[in-house]
Amino acid sequence: MLRSGENSASLPPSNLPPLAGTISLATLIEFMLQRTYQELTIMAELLPRKTDMERKIEIFEFASRTRQMFVRLLALVKWANSVSKVEKCARMSTFLDQQQDLFIETADSLARMARETLVHARLPSFALPCAVDVLTTGTYPRLPFCIKEKIVPPDLITPTEKKQTLERLTQIIEYRIVSAELPAQMCNPKIGNGRVKFTVDHEFEVTLTLMGDDPNIPWRLLDIEILVEDPETGCGQSLVHSLQVNYIHQLVQSRLMENDKPLHELYDCLHSFCQSLQLEVLHSQAQVLIHQRGLGESLKIEKYEMGRRLCISYWRDTIKKEGKPYQPGYKLEVHVDPGDKNKPLQLSHLPQIQGSESIKVPQAIKNDCLSLEKFFVSTIQVRSLARLKDLERELRLTVVGKCEIKDLPVVLYIPLLTPCLGSEKLSVTVDMIRGCFLVSLAQRELPLTREIEDCLNSDKKDLKKLLTNLRYWVMLERCRQSLQQMPVECYDELPFVKLSGHHLEALGKHCLYVSLPMRLDYYLVVEVVMPAEKGLKKPSYNYYLLNVQAEGIEAEGAAAASSSSADEGTSGGFRAVDRNDLPQLFLRPGQILKLDPFAMTRGQCGKVVSFESEDSSHLSRKRKLLMGNQCDVESTKSKRSHESTYFVSELTHIVALCEDKLSFVALDGELTKREIPHTGAFVDGEGTSMALSLLNGLPCSGISKKVEELLKSNLLLCTFRIQRKEKAIWCVENVFTNHPIKSTNTHEQGPEHQVLYHYDRLSMEPIEKTVNRLTADWNCVCRLFAAVVEFSEVYKDNAELQKTIEVKSYNYRHLVLGYGPQKCFTVTVQFSHSEQKFRLSFATVGPSPMSNCHTVVSTYLEKDLNSTKSLIHLSKILTRTCSVLMSICKLNNSPVTWLKLHMVPMQVFTILPVSSMHFRIMYRNLQCVDIQCISSSEVSVRDGSYSVFDTSRVNEGITPISGLQSFLSLFVDESNTANQARRRMTADDDNPLSPVVTDSMDSFLASSSNPPSVARNMIIAPSPSNMMAPSPGNPALLVPSSPSSFVPVPSPGSLGMHLPSPGAAAFMPGSSGMVDSGGSPYPGSSGLVMPSPAARTWPGSPIVHVSPASRIGMAPSPGHPSLQASPSQHKDVDHSNKMVGRMLPQRPWTTLVPSILSHDALDKLLTPVPTASTGRGIGGSLSCSPLEKFLGCTFLKRYMQRILSSDDGITNLPVSNEPGVLMFKFTCGLQCRLFMNPATFQSLCLKVLPIADLPNQWDSEELVILEKFFEYKVDCIPFKQNPLLAFTTILKTPYHILKDLIQIMRMEMMPDRSFKWSVQWCLTLPTHLPNMAPVGSVAVTIINNRILFILQFTRTAAGVNPQQPNDPQTITVPILYDITTNVTSTIDQKTMNHQIIVNFLKNCMDYHVKQNNECSILPCVREFATNFTV
């Protein structure tokens, strides 16, 4: 670079040509990188074929050479960065030299021109033709030809000329090929397009051509392609680098120019290279097998001469010579044929393969399969086949059958027995890697096969002995497999002690011990006997039955065990054990008995194995020909009937026979011990099984001698058998005749009846227990038979009894009787030996109106039957009580939560049986109705609260029922009119001084001096002295002794019960200061003092007066027609006017006089009938019995008395001349009368009138709305107290607020179809608002001048939006009204529409209410029902 201030014009140009002998630095770096990359590529292709040391040397040399080169480059680069001045000088010097040359050349040219050219120069004539051509045509066609030939290239030849030239060249090549001598491997050339292609398969392919038609022109080599491939390690890549191919190309081309036989020289050169390459490939494969495949111990490269031979040894551990170095015994050599180098690579085997196997081994390598592994596999297969054939020749005298060599890899199968299954043949094969023998038997790892394998791979000294031991094992294995489906266990040895002198020592050591399943003290010993031992022709079995005893560890036993273990000839399967290794229990052998298999398998039980084939097996061929077809037929039959040799059928039969025989021997002894006559064990039928029969049955007790003799005379057969299905069990068959009673069962119509008993056969259970169980079952049969015989004597002659009772089945174990409507109810009678009494089971058959109603009294029926032992008495009770219990079971027994605070579920009706014909019905555990059957068609019904023994005392915890006899008088039939006078004289007034004994809570409040906050739980269990315990037959009907004994049940709303408001089903403490009083349904308040009973007249008297509605003289409502008095009410009024009441003295004993009802009247009283749904929140109809309606109304009426006595906001008005009527008034100016409907006694009537001081304050329509609302929402199923409490809370609101609430009631009862939403009152808390209070609590509350009530809005047809079908159909809104501020709002809810409702009510307050200064409840509710949208 120049300094600043220098003249840039004086600089030489920068694009001067480089100096001579220089090169660009970038070009130099590119050359160096290309050279390094080329060397890396060559190394990557050649190094895998070299040894590890050669690869390391090559890599080191490459790294050193490359490092030196790049170090020089680094030095050159550093020097070039510091020679800028030298470069500038060199450029200046070069520029000056160029200028000098130009000046010298210019001077020389001018001098030569002056001296030579200008001397002879003449002015030519003007080239007018050329000027004309240029000016007119724009071209210059007169250029001299010498200039045109040197500058303009000649025209290309045409395709036709090209084709002719190539065809001519092809003819020349064909002539040269025909006239020349070709190698034998190159006799199939392909000529075309002026070239010839020679291909030697799997070696090389060359392309040649000629450059002229002169015979002396040499061949021109165009292309060489090496076809040698490595299919295993080469990965399909070329084995020769391009540089090597170029070198071979040059070498071969030079040989083609200098030889008389150029094609022969071409083949020799390339063939030699390909063979060297093939040897290199095989060497590389051998390296891979040794180092990467882990075959270094079996393979070794003995010698490798590059391009000549490769020698590899295998099976290096097949020959073991002690004390001498190992010498390889098997070699495979690949070499070039020294006699003819044109042949492929040759294979040589050391030692040579002899015999027919030599032709199976290839003698030369096929170029198309260059795989050393395949050569070894084929060679090893032939070697293995030869070794196995040698072993077969050695074993011909040792084995009993013919050996087979088959499969691939080849396997020698040695039969151990005759006949022998495939799984029982010994398999011998040769390990392809190690060359040693491998022995297996059915793919099992056995110690014997391991010993045989070691013997074959060594000197084969003990081979015969080991094969004999294996035959023993196979014979014993056949026994194990034959017994694998039987419940037995097989042992090769047992822990025997004290064996000295026992017969077990004389047995062979190849024995099998089989445990019998039911007898642990017996073992079956199976001994295998070979032909060579006792002169037998084939192997056989000996069977012994051995008795053993358990033996503990003792000094003597341990000494005996140690002494016996010291003997060398221990045999028979017992093992010698050390004292320290002894288990806690041993076996001492006892008596041993040899069994005769021929007699056991061909005895009375029939043949097990067919031996027909043995008859002709010993005959000669001539004798068989003389016998003709008969022998063939018999042999065919024997072959068909002969079983598998694998299955030892006689062993299984002997095991089963021993097991059965020992069991029957034990049974025989037990029966003999008990002096029970029997036949002893015998073979049953056609030899199917063993059996034992009793001659005179079993002894029985508890019945008369006559009945016992009758039963034994009817007994035809009592036989013991052993039945096997899933397990072996005792089967006792009893066959009876002369059936004592005829049943309707189709299976019991024959002359004989079979009764089967099955008993388990447990190994640890003695036979005594089986006999005891049979004796117990026989005793049950006898006891039931005695009762049936007595019943049948009456049943056969009593036609009326046959109409009511049907014998459905009697099988000597149980009796089934049918009764009831269409005989759909059944009772099963059977005798229980463990309890020594009769047991009854009740069920239904076919279409039945209900479950069996006698389940309730099953305990008492069993007691009656066991006390009388009479089925006739049982039948009479069943027929007499069937219709009564069917009616009682129709009552509603579903649980209901009616307590205010504890929310304890309690049954509506609970049935308490006192006896089989006496029942008590508890209503909500408060009131009791007593029912007793007095005849076949009548029952007596009375109040069960009073004790029968003490008429002045009420049963503890039970409330008397006022008006019960008056209510029951409505159901008296005309057939019972004879008793009407007596009832009118003694039972009209059935209400005793109920205020004195109505509730124990009253006496407690009147007499207690405790603080007001103390409360008492009043749910008390019925006294055991007054009420019988409930029947255990129906657990659902049990009466709990305390509220804690109940379990939670689903809400009554989910059970389909009628609810007084939408979704309400429980209670919540009221806001009027009421305090829960435990179990009492009547809430009390602190400091409450009840008025004296003597100073007031209590309701309950049956004296009937004029209807309150007619007495008050209320006019029909001018409003909605549905709110006017119904015709039924007018009819009740007229009917009441005709009745004349009379006063009777209060006599508590009159309540003990029962009402006599027929069964039909009782059924009408207790049967639920459909009732129109009065609750607006529930659609459809509900069923409720008249008794439940009456008791529910009584319950609500008594609860109203408690409200009147405890609530300061309600004024109780005395009623002097109307018993049973409650009168009370509210501060809002309303006066109410509550009384029972005198026509039906199944509903409460509420009459609302204004106070006399304010007659014009209330409209009649509003009063009728209140009355109808009470009828629809309070006095309805299921008669709960919280709706009544909510209704009284509504009436306690101020006058102007109550006006709005009545109008909301009117909106519910008379809905306007133009509204988008219909309104419904929720007197109890619904289920979808559980966060406010418990579900079912009182939903109307007044606290601190705030009124909280809940309304439910349901979308009507006018409010349905078809564009939004998923909008909610029901919305429940808690309304909170502040009396002081006149603000209507809602409480906080966790619902998705809560904020929308809050905003809507706020807008209503702003735009409608505040402008008119009126109560905001009704406008907000009306606006909500009219315009609210979600």
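Our structure's up above, just so we're on the same page.
It should be emphasised that the depicted structure is a prediction, and the values quoted were computed from it without experimental measurement. (Residues numbered from 1 in each chain as written. Predicted model: local features only at pLDDT ≥ 70, side-chain atom pairs only at ≥ 80, totals over all residues. Heavy atoms only, no water.)

Participant: What's the story with the overall build of the chain in this structure? I'm lost.
Facilitator: In terms of regular secondary structure, the chain is built from 36 helices and 44 strands. Here the chain holds 1430 residues, and the buried ones make up 45% of them. Looking at the chain as shown, the accessible area adds up to about 75,400 Å², and 54% of this sits on carbon and sulfur atoms. (Helix = DSSP H or I, 4+ residues; strand = E, 2+ residues; numbered from the N terminus. Buried < 20%, exposed > 50% of the residue type's maximum accessible area, 1.4 Å probe, protein only. Areas by Shrake-Rupley, 256 points an atom, 1.4 Å probe, with all protein chains shown as cover.)

Participant: I would appreciate a short explanation of the packing of helix α20 (residues 767–795) against helix α23 (residues 871–888) in the present structure.
Facilitator: In helix packing, the relevant descriptors are the interaxial angle and the interaxial distance, both defined with respect to the helix axes. The interhelical angle for the contact between α20 and α23, taken along N-to-C directions, is 65°, at an axis separation of 8 Å. Contact residues: A787, V788, F791 and V794 in α20; L871, I872 and S875 in α23. Within the contact of α20 with α23, the residues separate by chemical class into 6 nonpolar, 1 polar and no charged. (Axes fitted to C-alpha atoms, helices over the stretch in contact; angles between N-to-C directions. Contact = heavy atoms within 4.5 Å. Nonpolar A, V, L, I, M, F, W, Y, C, P; charged D, E, K, R; others polar.)

Participant: Would you mind going over the side chain of H510 with me for this structure?
Facilitator: Here H510 shows up in the loop between β13 (489–491) and β14 (511–516). Overall, H510 belongs to the buried group, its relative accessible area being 18%.

Participant: I would appreciate a short explanation of the sheet that holds strand β16 (residues 540–551) in the present structure.
Facilitator: Neighbouring strands of a sheet are bound in pairs by backbone hydrogen bonds; such pairs are parallel or else antiparallel. Judged by pairing direction, the sheet is antiparallel, and its 5 strands sit side by side in the order β13-β14-β15-β16-β17 without closing on themselves. The open sheet has two edge strands, β13 and β17 (586–595), and neither has a second partner. Recorded for the sheet is a direction-independent mean angle of 30° between the axes of neighbouring strands. Of the strand pairs in this sheet, β13 and β14 are connected by 3 bridges, and their pairing is antiparallel. (Pairing = 2+ DSSP bridges.)

Participant: Help me understand a nonpolar patch on the surface in this model?
Facilitator: There is a patch of nonpolar side chains on the surface, built from V134, Y140, L143, I147, I151 and V152 and spanning about 540 Å² of accessible area. With a relative accessible area of 46%, V152 lands in the partly exposed category. (Patch = residues over 30% accessible without salt bridge, like charges linked within 9 Å, V, L, I, M, F, W, Y side chains within 5 Å. Salt bridge = Lys/Arg side-chain N within 4 Å of Asp/Glu carboxyl O.)

Participant: What exactly am I supposed to notice about α23 here?
Facilitator: For α23, spanning 18 residues, the distance from its first C-alpha to its last is 25 Å, which sits close to the expected 26 Å at 1.5 Å a residue. α23 sits mainly inside the fold: 13 of its 18 residues count as buried. A side-chain oxygen of the first residue of α23 lies 3.3 Å from the backbone nitrogen of I872; this N-cap is S870. (Expected span 1.5 Å × (residues − 1). Polar contact = N/O pair within 3.5 Å; in protein donor to acceptor, adjacent residues only side chain to side chain.)

Participant: Whenever I open this one, the packing of aromatic side chains confuses me. Can you help?
Facilitator: Each aromatic ring pair is characterised by the separation of its centres together with the angle its planes make. The full count for this structure, using the stated rule, is 32 aromatic pairs. Relative to F1226, the ring of F1224 lies with its centre 5.7 Å away and its plane at 90°, an arrangement referred to as edge-to-face. Over the aromatic face of Y413 sits the side chain of K406, whose NZ or CZ is 5.4 Å from the ring centroid. Above the ring of Y757, the side-chain terminus of R813 is found at 5.3 Å from the ring centroid. (Phe/Tyr/Trp six-rings, centres within 6.5 Å; stacked < 30°, edge-to-face > 60°. Lys NZ or Arg CZ within 6 Å of the ring centre and 35° of its normal.)

Participant: Explain the environment of R309 here, please?
Facilitator: As for its placement among the helices and strands, R309 is situated in strand β6 (residues 309–314). A relative accessible area of 26% means that R309 is categorised as partly exposed. Sequence separation of R309 and L345 is 36 residues, and the distance between their C-alpha atoms is 8.9 Å. Not counting residues within four places of it along the chain, the set of residues in contact with R309 comprises L279, K303, Y304, E333, V334 and H335.

Participant: I keep staring at the pattern of salt bridges and nothing clicks. Help me out?
Facilitator: Here the idea is simple: oppositely charged side chains can pair when their charged atoms come close. Taken as a whole and assessed by the stated rule, the structure comprises 37 salt bridges. The salt bridge partner of R839 is E862, with a shortest N-O separation of 3.1 Å. Of the two residues, R839 sits in strand β26 (residues 837–844) while E862 sits in helix α22 (residues 858–868), which places them 23 residues apart along the sequence. A residue is classified by how much of its surface remains accessible, and E862, at 10% relative accessible area, is buried. Between D930 and R920 there is a salt bridge whose closest N-O contact spans 3.1 Å. On the criterion of sequence distance, the pair formed by D930 in strand β31 (residues 927–933) and R920 in strand β30 (residues 918–923) is long-range, its members being 10 residues apart. On the basis of relative accessibility, which here comes to 5%, the residue R920 falls in the buried class. When salt bridges that share partners are traced, they join K303, E305, R308, R309 and E333 into one network.

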